Amino acid sequence: MTFSKQVTLFFVLTAALSLYGQVTEPILQSYERIFIRSSLGTKVNVLQDAATDDQAAEFYRPLCNLALDFVLENAALFREDPEMIQIAVIAVRGVGASSYSPGAENLWQVFLQFPDNVIRLEILRILPALDPPVVLEDMNRFLADQNALYTSALSPDPQLLSALFTALGNGGDRRCYPVLFSSALLYPGTLGEEALRAMYAVQDDLCAFLGQVIVKNPPTEKLEALKLALAWEGLSGEERGELAETALETALGYQVRAGMTEMAELRRSALSLIRETRWARAFPQVFKYYTQTMEEFRRDPSRKEDLLDSIACLSSLENSDAAQVLSLQLGLYNSRAFSLSRDEHEVVFALVRALGDLGFKASYDVLLQIPSLSYPEDTIQAAREALDKLKW
């Protein structure tokens, strides 16, 4: 059949359907018959004209899905043919415009078979709205493959990566967190930032995912997970406290040695966040850290800063047990005030300030001893101020 006869037949059928409302075969089958019999160029016209049919809502989605079937069946022969690409784009948009979920698998197969970005970017724009669980896993695997290419010194298409990040972020499913997290760490500059924004956009218990990374992943990734959490404005104060508690507990499970800078920084960052949020539930972990840093300080006074940080963190928890722990240590220093080193005097000063901030009356006796002992004037003044802060 020539092109002109095919077009004529198409308009005859369309007119008949419009005038009489019914024919001997359903309207979808009529369009399918015309589409199957048409040449590539005419198939484009069939899809375009079908979209404007008054009854398009009844048949256009499955017709476009049929067109996708045709595209896939002939991909090997016509992968770079302009008319085939046009058919694919029209069909993809037809499936996407109606959120036709049964077409999701076909869309993904077209994505894989046709490397043309006009098709691929359109599919990635559409897929999140279809909510296809199987296809989401396929998208995750595809991005993981792109990341593997990058690590092997090949260069994935930046435009395609950007569209993948956006699609996964719009999908709203936590299963994409691992591959987006890897991407955020892998790509420098804008691409890494886009992967990170996609993680934040998902909003499907990101806090729990980051907590698992902190517990299970290598040290570098543990630290990055905590940093990402701190940079996320959507994290509540409670979630920040929980993550800080998890991070400190995890870091304390490592014996920090020379060169393990990530774990040392993880401890410091976690401690700072606990102090900021006043997360009292972390007292057991902070107390353990305080005990460790006190022992380290006794062996090596250069570890003083870690000890001072742990004391400051204890002072922020508004916990009577913290006051008892710090009071006990101050009492030990008071017992040998005449023989303390310069570094130990700094620790005493920090203890006095911390007990004042906590304000528990159980600290009264050890603070009252300070003015009568051989301490610098600034420590004596700090003790007087701390006594004034105690709550009775």
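Everything below is about the structure shown above.
Residues numbered from 1 in each chain as written. Predicted model: local features only at pLDDT ≥ 70, side-chain atom pairs only at ≥ 80, totals over all residues. Heavy atoms only, no water.

*Asks:* Quick question: what am I supposed to make of the overall build of the chain here?
*Replies:* Helix and strand counts for the chain stand at 22 helices and zero strands. Rg of the C-alpha trace for the chain: 34 Å, well past the compact-globule value of 21 Å for 392 residues, more than 25% over. Along the longest, intermediate and shortest principal axes, the C-alpha atoms of the chain span 110 × 45 × 25 Å. With 392 residues in all, the chain has 49% of them scored as buried. (Helix = DSSP H or I, 4+ residues; strand = E, 2+ residues; numbered from the N terminus. Rg over C-alpha atoms; globule rule 2.2 N^0.38 Å. Buried < 20%, exposed > 50% of the residue type's maximum accessible area, 1.4 Å probe, protein only.)

*Asks:* Looking at this model, I keep getting lost on the environment of Arg-275. Mind explaining?
*Replies:* If you trace the backbone, Arg-275 turns up in helix α16 (residues 261–277). Non-local contacts of Arg-275, meaning those with residues more than four positions away in its chain, are made with Ala-312, Cys-313 and Ser-316. (Contact = heavy atoms within 4.5 Å.)

*Asks:* Can you walk me through helix α22 (residues 377–389) in this structure?
*Replies:* Each turn of an α-helix holds 3.6 residues, which means side chains three or four residues apart point in the same direction. With 13 residues, α22 extends 19 Å from end C-alpha to end C-alpha; this agrees with the ideal 18 Å at 1.5 Å per step. Tucked into the core, α22 has its buried residues touching α20 (342–358) and α21 (364–369). (Expected span 1.5 Å × (residues − 1).)

*Asks:* For this particular structure, what's the right way to read the environment of Val-348?
*Replies:* Inspection of the secondary structure puts Val-348 in helix α20. When neighbours within four sequence positions are excluded, Val-348 is seen to be in contact with Leu-330, Tyr-333, Leu-340, Tyr-375 and Thr-379.

*Asks:* What's the story with the pattern of salt bridges in this structure? I'm lost.
*Replies:* Pairing is possible between side chains of opposite charge, provided their charged atoms come close. The full count for this structure, using the stated rule, is 18 salt bridges. Linking Glu-122 and Arg-125 is a salt bridge whose minimum nitrogen-to-oxygen distance equals 2.4 Å. Pair noted here: Glu-122 and Arg-125 are both in helix α8 (residues 117–130), with a separation of three residues, about one helical turn. Using a relative accessible area of 56% as the deciding quantity, one classes Arg-125 as exposed. Put simply, Glu-245 and Arg-281 hold a salt bridge, and the shortest N to O gap is 3.7 Å. Placement of Glu-245 in helix α15 (residues 237–252) and of Arg-281 in the loop between α16 and α17 (283–299) is noted, with a sequence separation of 36 residues between them. Overall, the relative accessible area of 14% leaves Glu-245 in the buried class. Taken together, the shared-partner salt bridges connect Arg-93, Glu-122 and Arg-125 into one network. (Salt bridge = Lys/Arg side-chain N within 4 Å of Asp/Glu carboxyl O.)

*Asks:* Just to check I follow, could you spell out the environment of Trp-392 for this structure?
*Replies:* Tracing the chain through its elements places Trp-392 in the segment after α22. For Trp-392, a relative accessible area of 68% corresponds to the exposed category. Here the alpha-carbon distance between Trp-392 and Gly-234, two residues 158 residues apart in the chain, equals 39 Å. In this structure Trp-392 touches Lys-361 and Tyr-364, once residues within four positions along its chain are discounted.

*Asks:* What is the right way to read the packing of aromatic side chains from this model?
*Replies:* Aromatic ring pairs are described here by two measures, namely the spacing of the ring centres and the angle between the planes. The tally for this structure, following the rule as stated, stands at eleven aromatic pairs. Seen in terms of ring centroids, Trp-108 and Phe-111 are 4.5 Å apart; in terms of plane orientation they differ by 10 degrees. Their pairing is stacked. Of this pair, Trp-108 and Phe-111 are both found in helix α7 (residues 104–113), three residues apart, which corresponds to roughly one turn of the helix. By relative accessible area, which is 0% here, Phe-111 ends up buried. Aromatic pair Phe-283 and Phe-287: ring centres 5.9 Å apart, planes at 20 degrees, arrangement stacked. With Phe-283 and Phe-287 both in helix α17, this residue pair falls four residues apart, about one helical turn. Judged by its relative accessible area of 12%, Phe-283 is buried. With relative accessibility at 34%, the residue Phe-287 sits in the partly exposed group. (Phe/Tyr/Trp six-rings, centres within 6.5 Å; stacked < 30°, edge-to-face > 60°.)

*Asks:* How should unusual backbone geometry be read in this particular structure?
*Replies:* Apart from glycine, the bulk of residues carry a negative phi angle, and the bulk of peptide bonds sit in the trans form. Look at Ala-153: it is not a glycine, yet its phi comes out positive at around 75 degrees. Positive phi, normally seen in glycine, also occurs at Gln-203, with a value near 55 degrees.

*Asks:* Teacher, can you tell me more about the packing of helix α4 (residues 56–73) against α7 here?
*Replies:* The relative placement of two packed helices comes down to the angle between their axes together with the axis-to-axis distance. Between α4 and α7, the least distance of the axes is 10 Å, while the angle of their chain directions is 30 degrees. When the axis of α4 is compared with that of α7, the two are roughly parallel. The chirality of how α4 crosses α7 is left-handed. Contact with α4, carried on its side by Asn-65, Leu-68, Asp-69, Val-71 and Leu-72, involves Asn-106, Leu-107, Gln-109, Val-110 and Gln-113 of α7 and no other residues of that element. Classifying every residue of the contact of α4 with α7 by side-chain character gives five nonpolar, four polar and one charged. (Axes fitted to C-alpha atoms, helices over the stretch in contact; angles between N-to-C directions. Parallel < 35°, antiparallel > 145°, perpendicular 65-115°, else oblique. Left-handed = near helix turned anticlockwise from the far one by under 90°. Nonpolar A, V, L, I, M, F, W, Y, C, P; charged D, E, K, R; others polar.)

*Asks:* I'm lost on a nonpolar patch on the surface in this one. Help?
*Replies:* Together, Tyr-364, Leu-368 and Trp-392 give the surface a local cluster of nonpolar side chains, amounting to about 360 Å² of exposed area. Following the sequence through the fold, Leu-368 ends up in helix α21. Residue Leu-368 is classed as partly exposed on the basis of its relative accessible area, which comes to 43%. (Patch = residues over 30% accessible without salt bridge, like charges linked within 9 Å, V, L, I, M, F, W, Y side chains within 5 Å. Areas by Shrake-Rupley, 256 points an atom, 1.4 Å probe, with all protein chains shown as cover.)

*Asks:* For this particular structure, what's the right way to read helix α12 (residues 189–202)?
*Replies:* A rise of 1.5 Å per residue sets the reference length of α12, with its 14 residues, at 20 Å; its end C-alpha atoms lie 21 Å apart and thus fit the reference within 8%. Among the residues of α12, those classed as buried are Leu-191, Gly-192, Ala-195, Leu-196, Ala-198, Met-199, Tyr-200 and Val-202. Considering only its buried residues, α12 is in contact with α10 (158–171), α11 (177–186), α13 (206–216) and α14 (219–231). Taken from the residues just after α12, Gln-203 is the one with a positive phi, measuring 55 degrees.

*Asks:* Sorry if this is basic, but what is going on with the packing of helix α3 (residues 40–51) against helix α6 (residues 82–97) here?
*Replies:* Contact pair α3 / α6: the axes reach a minimum separation of 9 Å and the direction vectors enclose 20 degrees. In this view, α3 runs roughly parallel relative to α6, as classed from their interaxial angle. The handedness of the crossing between α3 and α6 is left-handed. Between α3 and α6, the residues in contact are Leu-40, Gly-41, Lys-43, Val-44, Leu-47 and Gln-48 and Glu-83, Met-84, Gln-86, Ile-87 and Ile-90, respectively. Among the residues forming the contact of α3 with α6, the class breakdown is six nonpolar, three polar and two charged.

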